[in-house]
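# Fold and geometry: a report
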Amino acid sequence: MKHNYQRLQILLICLGLAFFDLEVLAQGQTKPVDPTFYSSYSWRNIGPDRGGRSLGSSGSPGRKNEYYFGATGGGLWKTIDGGNEWFPVTDGKISSSSIGAVAVAETNPDVVYIGGGETQLRGSITQGDGVYKTTDGGETWRHLGLKETQAISRIRVHPTNPDIVYVAALGHPYGENEERGVFRSTDGGNNWEKVLYVSDKAGAADLIIDRTNPKVLYASTWQVYRKAWKMWGGGPDSKLWKSEDGGDTWTDLTTNPGMPEGPIGKIGVTVSPADPNRVWAIVEANEGGVFRSDDAGKTWKKVNDERKLRQRAFYYSRIYADPIDKNTVYGLNVDFWKSTDGGETFDVEISVPHGDNHDLWIDPNDPMRMISSNDGGGVVSINGGKTWTEEDYPTSQFYHVMTTSDVPYHVAGAQQDNSTLAMPSEGWNHMLGRGPGHGYHYAVGGGESGWITQSPTDPDVFYAGSQGALLTRYNRMTGQYRDIQVYPRFFSGEPASALPERWQWTFPIMFSPLDPNIMYTTSQHVWKTTDDGQSWEKISPDLTYADPETLGKTGGVITMDMNGPEIYATVFALAPSMHDVNTIWAGSDDGKVHITQDGGQNWTDITPADLPKFSRVSIIDEGKFQPGTLYLAANRYQVDDRQPYVFKTKDYGKTWTKIINGIEDGHFARAIREDLEKPGLLYLATEHGVYVSFNDGAEWQSLQLNLPDTPIRDLVLKNDDVVLGSHGRGFWILDDIRPLREAVEVSSENEVMLFKPANPIRGVYEAAIQYYLPEEAESVTIEIKDAEGNLINSYTGTKGKEGRNNPALKAGLNTFTWDMRYPGATVFEGMIIWSARPQRGPMAPIGEYQVTLKTSDIEKNTSFNLEMDPNLEGVSAIDLQEQFDLAIQIRDKVSEANEAVILIRNIREQANGVKGNAKVKAQIDDILSKMKVIEEDLYQVQNQSGQDPLNFPIKLNNRLASLQRSVESGQAKPTDAAYVVFEELSGELEGHLSKLDEILNGELKKLNEVLPEKISLEKK
């Protein structure tokens, strides 16, 4: 095989095809790294606990505290306590992140159907892959087909037969397709028949079953499509339908008396369970509004035409009947409205935790119980909407992710339907001095859709963007805020063709890696500022196709909708060079790639030949090690092409190689990044998770691990971590990927490896010691030593004895975390101490540490440096050494006190078993009595429960242990008072121990001389 490959290589070169990427061919057959090598890794979700968009929710009439809601990028969530706590039930069980429709069977609440995709066609929608079903309340799921529906608006289950189910499918949002309309199954989803179909341009937008007669159904079809540059809804295929035979046949109600004249757009429909003759429809039309029929759809009357119910009809148009009162009906839009007069006036506004309302489920037996979906998630009410549960779950949708220079670093992004947000990489509940139970986070300017960057010279200053060309400068320390947008000509309701500068929903904002005074941003042009946004210079021509077809009006034949997401033909990706200050790479959202090598005076079109027009160049990443290298991730899903487009160039764009081997179909690319230290180690963010390449893109391998299926819009490398910004499940971090940088070498050598740890930071990061075992070991020992080789602690893992303090034995990559502390004080069983943890040893001082790994007859050694927290002010390494030295001395004194208590108790136990005459017994009692006084001076023996020290005075060992806690509170040199108290307590201890020694070496020693069974005086 090797010789054949060499012949092929020679042949290709001879044919003048040396540009062909032979690496792709060579690596295409096998993975360079066995995935089991990194299978022990896991992604860490840091939050934020702030909900994102939900379009579908449902509850159970029989289980009062059980509800579900679908997150548009985060799967299905469930609560069993009425909405106080939510948990995901589809992670790792389905291959779709977007759940737009949810239906619980009324007669069996363990049966739940869910449909994928979004039919409220915003610019950031995620497609689904059909219908799933659980019969055990979400424990397991089965895919039921209808994969190519992509966007399902409703699932309705027969009220008494859970095997009869209907699916309203909108179909492909971005292209024409046949799998649209209403589908029916009579065998629980095993088989489907399409019972309502209009055309390949129109799908079903709404569906409702008459609960009093389940043979009666109402449905609406909507003619609509979306592209990156346009959403266009309405037309002759938009209709309202009725079936009276369970879906076998359908009647068009759209032209019945009272209905508005065409053109017709989106229609929402509901029927009253209290009076099945009463039907409401909210109709998008020039003379549209809320229409009511009191004869089951034969005739209609417009009862309300308020814009508040039909504004942005494409995003809302949902209406719901009260199950008990025929005159009560709810309308969902930006706000949540209620009518009690049959829909004529919607004068009751229901306040919900978040705006933009999309779905409502009402208990058919109790209209006070309901769950609603909005752009912040699912919320539950048990009092008819007066109060609602909170939206504190991690289903937030981010467009990009960035990390700060803080220690620990912060993770930031712009959350759809919310604000920008920055938070510690240690997690949502990492307090940093804040009160318990509150996530520490802050906004950094900008808005819901923007790019964020931190000033390279002032870490408190952030630059952030948002829709409408907003670009802000914000100082988190002072709160100072300034709008520095390039061209503050606000736009809304205008097509892109009318705008002098076209600003995308999210546009790049970034500094030159080589000159911190230069910041760039982009419209269809590249803009540069050197005076912090006071003035801007246009340094490029239009770098897009600017096809007039993509610059027109958007919304539909009835309602226009032009507020930013569809602004097209813009520079969407930018990469100022880290090798040459005058080199800048640019990629457009319509498929162009350019480079300048003279600071913007001249630009060269270097678009890859295999990158079609209308491709969004999402992220470009310049190679960090070889000038002229660029990695490019693009996608075309908004023209109904869901394949990945990933490229690299090594020669400034003269030639390109497509690098998609190993990426699954439908996993279109969002972002690509090269490792910070290892050339050719690449990370790829896709619509369905993350990939890694160990050979410069020749072969991609899944790095999904425990990450749920969710769109990853961006990823960045920070120090030794991979940080993700997902569009549905918040931020995720893969901690300490240093072993991945050596993965190829380890796989080829297949021997025990001990990786050099990243340098921990005292009081911030612990030491993560990673090691590789080619096969499961019988035992593993890790020794931690100081710079001189003195043993600090040793940890051994054996079969059945693994955990945080016992190294793992399994084959592959393992991680042992040293908490950076020396061993704690000696303690004894049942000891109760207040305001101290003597078991916890002193924190190690700044300096070098050695690590030894032992398994079988193999020994490996490495080292790391414990670094100082750069956030500390007025503190030196010498100060921290003094802190450690005093803490060690205190620890040792605590041990002396506790060991004395242990010895006294051991002697007492032995003495109680001594046989002797009355004189001997009296001598023993006298000795024990004297020792008891010492014991009670050392430890409060009356403590029996945790808060007893509030009742019984603490004694010497507690005072010493608490002094150590005081000395180690924060990182600083010990106070003078700490030394004074230490000397006082040490003197007290010495006095007690001297008395004990007198007894041991005097009375007890003499008594031992006459006892047949000696009392041991050894400390245990």
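Cut-off values and rules
- Residues numbered from 1 in each chain as written.
- Predicted model: local features only at pLDDT ≥ 70, side-chain atom pairs only at ≥ 80, totals over all residues.
- Heavy atoms only, no water.
- Helix = DSSP H or I, 4+ residues; strand = E, 2+ residues; numbered from the N terminus.
- Buried < 20%, exposed > 50% of the residue type's maximum accessible area, 1.4 Å probe, protein only.
- Contact = heavy atoms within 4.5 Å.
- Areas by Shrake-Rupley, 256 points an atom, 1.4 Å probe, with all protein chains shown as cover.
- Lys, Arg positive; Asp, Glu negative; His and termini not counted.
- Charge placed at Lys NZ, Arg CZ, Asp CG, Glu CD.
- Axes fitted to C-alpha atoms, helices over the stretch in contact; angles between N-to-C directions.
- Parallel < 35°, antiparallel > 145°, perpendicular 65-115°, else oblique.
- Left-handed = near helix turned anticlockwise from the far one by under 90°.
- Nonpolar A, V, L, I, M, F, W, Y, C, P; charged D, E, K, R; others polar.
- pLDDT = per-residue confidence, 0-100.
- Core = buried A, V, L, I, M, F, W, Y, C linked by side-chain atoms within 4.5 Å.
- Pairing = 2+ DSSP bridges.
- Salt bridge = Lys/Arg side-chain N within 4 Å of Asp/Glu carboxyl O.
- Phe/Tyr/Trp six-rings, centres within 6.5 Å; stacked < 30°, edge-to-face > 60°.
- Lys NZ or Arg CZ within 6 Å of the ring centre and 35° of its normal.
- Polar contact = N/O pair within 3.5 Å; in protein donor to acceptor, adjacent residues only side chain to side chain.
- Arc of directions from axis to C-beta.

## A word on the overall build of the protein
Tallying secondary structure elements over the protein gives nine helices and 65 strands in all. Dimensions of the protein, computed from the C-alpha atoms along their principal axes, are close to 115 × 75 × 60 Å. Within the protein, the proportion of its 1020 residues that are buried is 61%. Across the protein, contacts joining residues at least 24 apart in sequence account for 56% of those joining residues at least 6 apart. Taken as a whole, the protein presents about 38,900 Å² of accessible surface, with 47% of it coming from carbon and sulfur. If the 100 positive side-chain charges of the protein are averaged to one point and the 140 negative ones to another, these points end up 2 Å apart.

## A few points about the packing of helix H5 (residues 877–911) against helix H7 (residues 956–967)
Look at H5 against H7: their axes get within 9 Å of each other, and the N-to-C directions meet at 165°. As summarised for this structure, H5 and H7 are arranged roughly antiparallel, according to the angle between their axes. Classified by chirality, the crossing of H7 by H5 is left-handed. The segment H5 lies against H7, with Gln883, Leu886, Ala887, Ile890, Arg891, Lys893, Val894, Ala897 and Asn898 engaging Asn957, Leu960, Ala961, Leu963, Gln964 and Val967. Class assignment of the residues belonging to the contact of H5 with H7 gives a composition of nine nonpolar, four polar and two charged.

## Details of the confidence of the model for the protein
Here the protein shows a mean pLDDT of 94. Residues at 70 or above account for 96%. Here helix H1 (residues 2–14) stands out as the least confident element of the protein, with mean pLDDT 35; strand S11 (residues 165–169) is the most confident, with 99. In the predicted structure, residues 1–29 sits below a pLDDT of 50 and forms 24 contacts with residues beyond four places in sequence or in another chain. The low-confidence segment residues 431–438 (pLDDT under 50) makes ten contacts with residues lying over four places distant or belonging to another chain.

## Quick word on the nonpolar core
By size, the foremost hydrophobic cluster in this structure holds 65 residues, and its most contacted members are Phe37, Tyr38, Trp43, Tyr683, Leu724 and Leu740. Discounting chain neighbours no more than four positions away, the residues touching Trp43 are Val690, Leu703, Gln704, Leu705, Asn706, Leu707, Val722, Leu724, Trp732, Ile733 and Leu734. Grouped together as the second largest cluster of nonpolar side chains are 43 residues, Ala825, Phe828, Ile832 and Phe982 included.

## What about the pairing of strand S61 (residues 812–818)?
Of all seven residues making up S61, five are buried, and the element is well covered by its neighbours. Direction of pairing for strand S58 (residues 767–773) relative to S61: antiparallel, over a ladder of seven bridges. Bridged to Ala768 within S61 is Thr817.

## So, the sheet that holds strand S13 (residues 193–196)
With antiparallel pairing, four strands are arranged side by side in an open sheet as S10-S11-S12-S13. The sheet terminates laterally at strand S10 (152–157) and S13, the two strands that pair on one side only. Mean inter-strand twist for the sheet, computed between neighbouring axes without regard to direction, equals 25°. Sheet topology note: the S10/S11 ladder contains five bridges and is antiparallel. The residue of S11 that forms the bridge with Ile152 is Ala169.

## A look at the pattern of salt bridges
Inspection of the entire model under this criterion finds 56 salt bridges. As a salt-bridge pair, Arg473 and Asp532 come within 2.6 Å of each other at their nearest N and O atoms. Here Arg473, found in strand S35 (residues 470–475), pairs with Asp532, found in the loop between strand S39 (526–529) and strand S40 (537–538); they are 59 residues apart in sequence, far enough to count as distant. Residues Lys799 and Glu778 are paired through a salt bridge, measuring 3.7 Å at the closest nitrogen-oxygen approach. With Lys799 in the loop between strand S60 (791–798) and S61 and Glu778 in the loop between S58 and strand S59 (779–786), this pair connects stretches of sequence that are 21 residues apart. Classification of Lys799 as partly exposed rests on a relative accessible area of 44%. Beyond isolated ion pairs, a larger network of salt bridges with shared partners links Asp675, Glu677, Asp720, Arg738 and Arg741.

## Looking at the pairing of strand S25 (residues 336–339)
Burial along S25 is two-sided: the residues Phe336 and Lys338 and Trp337 and Ser339 are all buried. Inspection of the sheet shows strand S24 (residues 329–332) paired to S25 by four bridges, in the antiparallel sense. From the neighbouring strand, Val329 faces S25, where its bridge partner is Ser339. The sheet contact formed by S25 and strand S26 (residues 348–350) spans three bridges and is antiparallel. Residue Trp337 lies in a different strand from S26, and its bridge partner there is Glu349.

## Observations concerning the sheet that holds strand S28 (residues 366–374)
Reading across from one edge, S27-S28-S29 is the order of the three strands in this open sheet, with antiparallel pairing throughout. The outermost strands of the open sheet, each flanked by one partner alone, are strand S27 (357–363) and strand S29 (377–381). Shown here is a sheet whose adjacent strand axes are inclined to one another by a mean of 20°, direction ignored. Bridge count between S28 and S29: five bridges; the pairing is antiparallel. Within the sheet, the bridge partner assigned to Ser372 lies in S29 and is Val379.

## A short note on the packing of aromatic side chains
All chains considered together, the criterion is met by 29 aromatic pairs. Measuring from ring centre to ring centre gives 5.0 Å for Tyr315 and Tyr316, while their planes differ by 65°; the resulting arrangement is edge-to-face. Comparing Tyr315 with Tyr316 shows no difference in burial state: the two are buried. One aromatic cluster is present, formed by Phe69, Trp77, Trp86 and Tyr393 through successive ring pairs. Above the plane of the ring of Trp232 lies Lys230, whose end atom (NZ or CZ) is 4.6 Å from the centre.

## Quick look at the packing of helix H8 (residues 976–1001) against helix H9 (residues 1003–1010)
Between two packed helices, what matters for the description is the angle formed by their axes and the separation of those axes. Close contact between H8 and H9 brings their axes to 2 Å; oriented N to C, the two are set at 20°. With respect to H9, the axis of H8 lies roughly parallel. Taking contact as the criterion, the partners of Glu998, Ile999, Leu1000 and Asn1001 in H8 are, on H9, Glu1003, Leu1004 and Lys1005. Counted by class, the contact of H8 with H9 contains three nonpolar, one polar and three charged residues.

## With respect to the side chain of Asp786
Here Asp786 lies in strand S59. Within the buried set, Asp786 has no salt-bridge partner at all; the shortest N-O distance to an opposite charge, 9.0 Å, is to Lys785. Within the structure, Asp786 has its side chain in polar contact with the backbone nitrogen of Glu788 (distance 3.0 Å). Separated by 2.8 Å, the side chain of Asp786 and the backbone nitrogen of Asn790 make a polar contact. Setting aside its immediate chain neighbours within four residues, Asp786 contacts Ile792, Tyr822, Glu848, Tyr849 and Gln850.

## Remarks on the environment of Phe398
Take Phe398: it is sitting in the loop between S29 and strand S30 (402–403). Judged by relative accessible area, Phe398 falls into the buried class, the value being 0%. Between the C-alpha atoms of Phe398 and Gln415, which are 17 residues apart in sequence, the distance is 4.6 Å. Setting aside anything within four residues of it in sequence, one finds Phe398 in contact with Pro48, Gly413, Ala414, Gln415, Arg713, Gly725, Ser726, His727, Gly730 and Phe731.

## A few points about the environment of Val303
Looking at where Val303 falls in the secondary structure, it is placed in strand S22 (residues 301–304). Taking C-alpha positions, Val303 is 56 Å from Ile539, a pair spaced 236 residues apart along the chain. Ignoring sequence-local partners within four residues, the contact set of Val303 consists of Val290, Arg292, Gly342, Gly343 and Glu344.

## Looking at H9
Buried within H9 are the following residues: Leu1004, Leu1007 and Asn1008. For H9, the buried positions fall inside an angular range of 105° around the axis, keeping them on one side. For H9, the exposed residues lying more than 90 degrees away from the buried face are Lys1006, Glu1009 and Val1010.

## A look at the environment of Leu682
You can see Leu682 is positioned in strand S51 (residues 682–686). The class for Leu682 is buried, based on a relative accessible area of 0%. Spatially, the C-alpha atoms of Leu682 and Asn418 are 31 Å apart, while their sequence positions differ by 264 residues. Not counting the four nearest positions on each side in its chain, Leu682 is found in contact with Tyr631, Ile659, Ile672, Arg673, Glu674, Tyr691, Val692, Ser693, Asp696, Gly697 and Trp700.

## Remarks on the side chain of Arg713
For Arg713, the position within the fold is in strand S54 (residues 712–718). Glu687 provides the closest opposite charge to the buried, salt-bridge-free Arg713, at an N-O distance of 5.0 Å. Among all residues touching Arg713, those that are not within four sequence positions of it are Ser124, Phe398, Tyr399, Tyr637, Arg670, Ala671, Gly725, Ser726 and His727.

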